[in-house]
Structure formats: C-alpha cells, structure tokens
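Now for the letters of each chain:
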Amino acid sequence: MKNILLICLFALSISGFSQNKKPDYETITLGGGCYWCVEAVYENLDGVKSVVSGFSGGKTVNPSYEEVCTGETGHAEVVQITYDKNVTDLNEIFKVFFTVHDPTTLNRQGADVGTQYRSVIFYKNAEQKKAAESIIAELNKAKVYSNPVVTKIEPFKVFYKAEDYHQNYYANNKNQPYCRMVIQPKIEKFEKVFKDKLKKKQNNS
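Residues numbered from 1 in each chain as written. Predicted model: local features only at pLDDT ≥ 70, side-chain atom pairs only at ≥ 80, totals over all residues. Heavy atoms only, no water.

Moving on, we come to the packing of helix H2 (residues 35–42) against helix H7 (residues 177–193). Contact geometry of H2 with H7 gives a least axis separation of 9 Å together with a crossing angle of 40°. Looking at the two axes, H2 sits oblique to H7. Read as a crossing pair, H2 and H7 show a hand that is right-handed. Residues Trp36, Cys37, Ala40 and Val41 of H2 form the contact with H7, whose participating residues are Tyr178, Val182, Ile183, Lys186, Ile187 and Phe190. Looking at side-chain class alone, the contact of H2 with H7 contains 9 nonpolar, no polar and 1 charged residues. (Axes fitted to C-alpha atoms, helices over the stretch in contact; angles between N-to-C directions. Helix = DSSP H or I, 4+ residues; strand = E, 2+ residues; numbered from the N terminus. Parallel < 35°, antiparallel > 145°, perpendicular 65-115°, else oblique. Left-handed = near helix turned anticlockwise from the far one by under 90°. Contact = heavy atoms within 4.5 Å. Nonpolar A, V, L, I, M, F, W, Y, C, P; charged D, E, K, R; others polar.)

As a rule of thumb, nonpolar side chains are buried together in soluble globular proteins. The biggest cluster of nonpolar side chains holds 44 residues, and the ones touching the most others in it are Ile28, Leu30, Tyr42, Ile81, Ile93, Phe94 and Phe98. Leaving out residues up to four positions away in the same chain, phenylalanine 94 has contacts with Ile28, Leu30, Ile121, Gln128, Ala131, Ala132 and Ile135. Residues Ala76, Val120, Phe122 and Phe159 belong to the second largest nonpolar core, which totals 5 residues. (Core = buried A, V, L, I, M, F, W, Y, C linked by side-chain atoms within 4.5 Å. Buried < 20%, exposed > 50% of the residue type's maximum accessible area, 1.4 Å probe, protein only.)

In this structure, lysine 197 sits in the segment after H7. You can call lysine 197 buried: its relative accessible area is 8%. For the pair lysine 197 and glutamate 92, spaced 105 residues apart in sequence, the C-alpha separation works out to 9.5 Å.

Quick look at the pattern of salt bridges now. Inspection of every chain in the model, using the stated rule, returns 2 salt bridges. Here lysine 85 ties to glutamate 26 by a salt bridge, and the two come within 3.7 Å at their closest N and O atoms. Taken as a pair, lysine 85 in the loop between strand S3 (76–84) and helix H4 (90–100) and glutamate 26 in strand S1 (residues 25–32) lie far apart in primary sequence, 59 residues in all. Residue class for lysine 85 comes out partly exposed when judged on its relative accessible area of 31%. The exposure class of glutamate 26 is buried, given its relative accessible area of 12%. (Salt bridge = Lys/Arg side-chain N within 4 Å of Asp/Glu carboxyl O.)

A separate point is the packing of aromatic side chains. Counting across every chain of the model gives 6 aromatic pairs. A centroid spacing of 5.6 Å and a plane angle of 80° characterise the contact between tryptophan 36 and tyrosine 178, whose relative ring orientation is edge-to-face. With a gap of 142 residues between them, tryptophan 36 in helix H2 and tyrosine 178 in helix H7 connect regions that are remote in the sequence. Residue tryptophan 36 is classed as buried on the basis of its relative accessible area of 12%. Joined through ring pairs, the aromatic side chains of Tyr35, Phe55 and Tyr65 make up one cluster. For lysine 49, the ring lying beneath its charged end belongs to tyrosine 25, and the centroid distance is 4.6 Å. For lysine 124, the ring lying beneath its charged end belongs to phenylalanine 156, and the centroid distance is 4.0 Å. (Phe/Tyr/Trp six-rings, centres within 6.5 Å; stacked < 30°, edge-to-face > 60°. Lys NZ or Arg CZ within 6 Å of the ring centre and 35° of its normal.)

Next up on the list: the packing of H4 against H7. Viewed as axis vectors pointing N to C, H4 and H7 meet at an angle of 135°, and their least axial separation amounts to 10 Å. When the axis of H4 is compared with that of H7, the two are oblique. In the packing of H4 onto H7, the handedness of the crossing is right-handed. Note on element contacts: H7 touches H4 through Lys186, Lys189, Phe190 and Val193, opposite Val96, Thr99 and Val100. Tallied by class, residues from the contact of H4 with H7 come to 4 nonpolar, 1 polar and 2 charged.

What follows deals with the side chain of threonine 73. With respect to the helices, strands and loops of the structure, threonine 73 is situated in the loop between helix H3 (65–69) and S3. At a separation of 3.2 Å, a polar atom in the side chain of threonine 73 contacts the main-chain amide nitrogen of histidine 75. When sequence neighbours within four positions are dropped, the list of residues in contact with threonine 73 reads Gly58, Lys59, Thr60, Pro63, Glu67 and Val68. (Polar contact = N/O pair within 3.5 Å; in protein donor to acceptor, adjacent residues only side chain to side chain.)

Quick look at the structure:
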C-alpha cells in the first residue's frame, strides 16, 4: 500500500522540463542511510550531473570512513548531488529521496544502525529549506507512511568527500552480496516509480 501511495502522490506532479536551455546547476546534500545506496539511485536520474559520497553534519574535520562508522564524529553518510534545474528540479530530487529510503526510522536504515545513517536534508538556501518542509508536510498529511517522517532539516555547513573506493561503489561492485541484496532492490523501485525520468543508456558499441 505504501508503494502505491508513493507512486500516486509523486506521479501527479512529474512534468517535462526544457532540455534546450543552458545548464543551470544547483547542489543539494542528502543523507538517507548508506551512501552507496543513495548514490546508485541518483546516478540514474535524468538531469543529475554528479553524485559524490561523503560526510556532513558532524564535528570532526575531514573524517575517515572508519571514524564515521563509530558514530562518534556526529557526521551522517550523505551524497552531494549536482543537478541541472532545466532538466529536473528540487521537488523531484526530494521525491526520489523519500521513495528509496525509509524516513520514519530514527538513525536507522534496515540493518544499518547509528546516527551516521540518519535521514537528513542539509539545505543551502531558503528555497531548499522551504521545499524540504513542504514535501515532509505533504507526506505526513497524506499518511504515506504508517509512522511520522523523522527526517531532519539542517543548514548545510561543510561536506567532506569519502575515500575514492566509496565513489561509484555499486557500479564497481555489483556482484557483492550487499549490492545485490540491498542496493539493487532500491534501484529497481526507483526505476519503477520514475521510469520516465531515467537517464538514457549510453550505447558503447
């Protein structure tokens, strides 16, 4: 039922964008559990120029992955998404975000537990903050989830890029059990809901 409500709610406002304008890039930073999962999804959304996995929201300067995993740095695993506003928009970015992770579980996504896996939106301007507040209110009003959304909305301060082996993790490790059992289902769900907004596959032949 939850999936049906999400599809219906989000399908109502998916619209076309002009692809003939000069690119107008904007960046948003999101935390939705393991960044490998979130990165893999947004890499396939039309209009997204780049997705970088990293850390934000904590006190430790330039933390390592191992340090963040202790939960003591205060950082969340996040992705920094740069997208073309002429091809996609902030509302669509958020709709993907709330489709592919559970925003009702505090400091947890499935078996991944800890503050580093918290659901959080780091806004860079008033527009991003307002859009985040609006979609959360819409989701709660429509009772899309059986429990209230606990996603935090916080001002962006700094982003630290994760180590190179974390970048494009799913694309480089598709046969690993975590990729097949955890990331692949999220991608399949995304492709089902946003089938009209997928990047065109490149022909390498």
